[in-house]
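Structure assessment
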Amino acid sequence: MILSLTEESRAYANELAESREYEEAGEFLYSAAELIEELNSSQAYKLYKLSISFWEKQITSYKLQAKFHEIAEIYKRLADMYSEKFKNTKQEKKYILNAISYLRQEGKVLREFNEIRKLIQNYQNIAELYSRISYTKKAIRYFNLVIAISKEYLFFDLLSYSYQQIAQSYQELEEFNKSTNIIFDGIEFFNEIFDKYDTKNDNLAVSQICQVLKKLYKLIDDEDQFINYSKREAGSYINLAEILTKNEDNYQKIAQYYRGAALCYRDINSNLIESASCFILAGNYFERIEDFNEAGTNFYNAAVTFRELENTELSYKHFVKAGDSYWKIGNVNDSTESYLNAYDIAVEGNLEYNRFGIFNQIVRGLNIIAKEGLKNKEFFTAATLILESIKFYQQLDTAKDFLVNEMVKNVYKYYYRAANLKTIGYSHIVQSYTLAAISSVLNGRIEKAQKIISEIELKGNTVKRYIELVELIIKYVSEGKQVDFSTFPYHLQRIVNGSEEITYLLHLFKGSKAKI
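The structure reproduced in this document is the subject of the present report. Every value quoted in this text rests on a predicted model; they were computed, and no experiment measured them.

1. As for the overall build of the protein
When its secondary structure is counted, the protein shows 24 helices and zero strands. Taking 24 Å as the expected radius of gyration for a compact globule of 516 residues, we find that the protein reaches 31 Å, considerably beyond that expectation. Projected onto its principal axes, the C-alpha coordinates of the protein cover approximately 90 × 60 × 45 Å. A total accessible area of about 26,700 Å² is found for the protein, and carbon and sulfur atoms account for 46% of it. Taking the 64 positively charged and 70 negatively charged side chains of the protein as two groups, their mean positions are separated by 5 Å.

2. What to know about the side chain of Lys214
Structurally, Lys214 is set in helix α10 (residues 203–219). When its relative accessible area of 8% is taken as the criterion, Lys214 is described as buried. Of note is the side chain of Lys214, whose polar atom sits 2.9 Å from the side chain of Glu233. Once residues within four sequence positions are removed from consideration, Lys214 is found in contact with Phe226, Tyr229, Ser230, Glu233, Cys264 and Asp267.

3. A word on the state of the cysteines
This model, assessed by the stated rule, comprises zero disulfides. The thiol of Cys210 is unpaired, and the distance to the nearest cysteine sulfur, on Cys264, comes to 8.6 Å. On the basis of relative accessibility, which here comes to 0%, the residue Cys210 falls in the buried class.

4. Observations regarding a negative patch on the surface
Together, Glu188, Glu192, Asp195 and Asp198 make up a negatively charged patch on the protein surface. For Glu192, the position within the fold is in helix α9 (residues 176–199). The class of Glu192 is exposed, set by a relative accessible area of 52%.

5. What about helix α19 (residues 401–421)?
Look at α19: 30 Å from first C-alpha to last across 21 residues, which is about the 30 Å you get at 1.5 Å a residue. For α19, the set of buried residues is Val404, Met407, Val408, Val411, Tyr412, Tyr414, Tyr415, Tyr416, Ala418 and Ala419.

6. Describing a positive patch on the surface
On the surface, a cluster of positive charge is made up of Arg104, Lys108, Arg111, Lys138 and Arg141. Put simply, the parts of the chain that give the positive patch at least two residues each are α5 (89–112) and α7 (136–153). The dominant element in the positive patch, judged by the number of residues it contributes, is α5, at three residues. By the element assignment, Arg104 lies in helix α5.

Rules behind the numbers
- Residues numbered from 1 in each chain as written.
- Predicted model: local features only at pLDDT ≥ 70, side-chain atom pairs only at ≥ 80, totals over all residues.
- Heavy atoms only, no water.
- Helix = DSSP H or I, 4+ residues; strand = E, 2+ residues; numbered from the N terminus.
- Rg over C-alpha atoms; globule rule 2.2 N^0.38 Å.
- Areas by Shrake-Rupley, 256 points an atom, 1.4 Å probe, with all protein chains shown as cover.
- Lys, Arg positive; Asp, Glu negative; His and termini not counted.
- Charge placed at Lys NZ, Arg CZ, Asp CG, Glu CD.
- Buried < 20%, exposed > 50% of the residue type's maximum accessible area, 1.4 Å probe, protein only.
- Polar contact = N/O pair within 3.5 Å; in protein donor to acceptor, adjacent residues only side chain to side chain.
- Contact = heavy atoms within 4.5 Å.
- Disulfide = S-S within 2.5 Å.
- Patch = residues over 30% accessible without salt bridge, like charges linked within 9 Å, V, L, I, M, F, W, Y side chains within 5 Å.
- Salt bridge = Lys/Arg side-chain N within 4 Å of Asp/Glu carboxyl O.
- Expected span 1.5 Å × (residues − 1).

Printed below as a string of structure tokens:
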């Protein structure tokens, strides 16, 4: 099968090459190699080598077209491959230097056409590549060029990164004074221009400058100034949100500004209420433009923040809102997680809440996720999710016994399949057999339960205890006794207490005294 896939990949790549689509051929072969690497590494590495030959052909084609940036990107890709796949640092360095050479040629063209921002980004790329191969002094030289030109043209975002990188580079050279001095140079420069833009009430520029200053102060562990500029940055975002006209064209920008403020406040533990409030505002505006993924994210962030503030009512409310938002776009995983968090908070805070609504959504979500797991043969996960859904379904006023019985049958079936598939870990295999056997007893199939535990091939004291546990449950049920956890020997009680799944299955036996 692997050889067939390899040959098909080669054939398709050759078809692409015939159309001079060498880069696409290289990408295709690289992806194919990654797919089979764990199954057959030797065949994968042949495909990696072949992909390199196609990329090199693309470089030859680009040279004729003077596409310097594209050539540099391919050399960087080849360097990555030699580093990650072949662990060949010599070849990695060679291709990095090739990439730098073509980036420098691109830089000459950008200077001639006065493409200032692109030129700065070009210098930054060169600096990063020099850093990667430990040409630290050359990296510093190019980062300094970035700073000099960015200062002149006030490209705040590029300045911030370069200051941090130069400081780190000097530390690598153990020139600690220079590292500190370059940070202070940046702080001095940005403090000067901060006053200028603050006076003009240019909130956008102020927010960008504050973002840089707080990062620089963080580098020198000045917590007071970090907090100061975090608050000022948040204030600028709020001002930007408030001055915009409240109409549909502006709702996305307004939401993004409020989220920016929320993130700033979240960095300051003493301002969590402000952070939560801004997350809610962001969520509300995202909701208005039906961007339910972003709405869900912000409501979820607000709920987590309220949980930190021990405000269980608002935490519960916004976990539910997050769940509702995610559900609208079919994001069942995040939706169900949000509803489960809402349930936990409601129990923790002893809140009155819509049990039917929450439990119904949780049951639906868990079953959908379980079905997805079955498609991928993740039987252990699917069985555990179905068992989890039973916990909530049983608490619904509309719960039906026959449906619970059907769900328990599925629990048995999927744990049994997980055990037989043996693609899970040792402990999960033993637990799967045990859970399948207990589920069979619940279904009234005692002989099947005995057969299941007889199939356990693994040895050891723990395995013996799991088998002993199932045999004891069978004995109780066969004799018409209650499955009373308190009467279990201590070593079996420890087994039960160590597994939520076993504990809950014991709870399902009529008259059971298992604690959940």
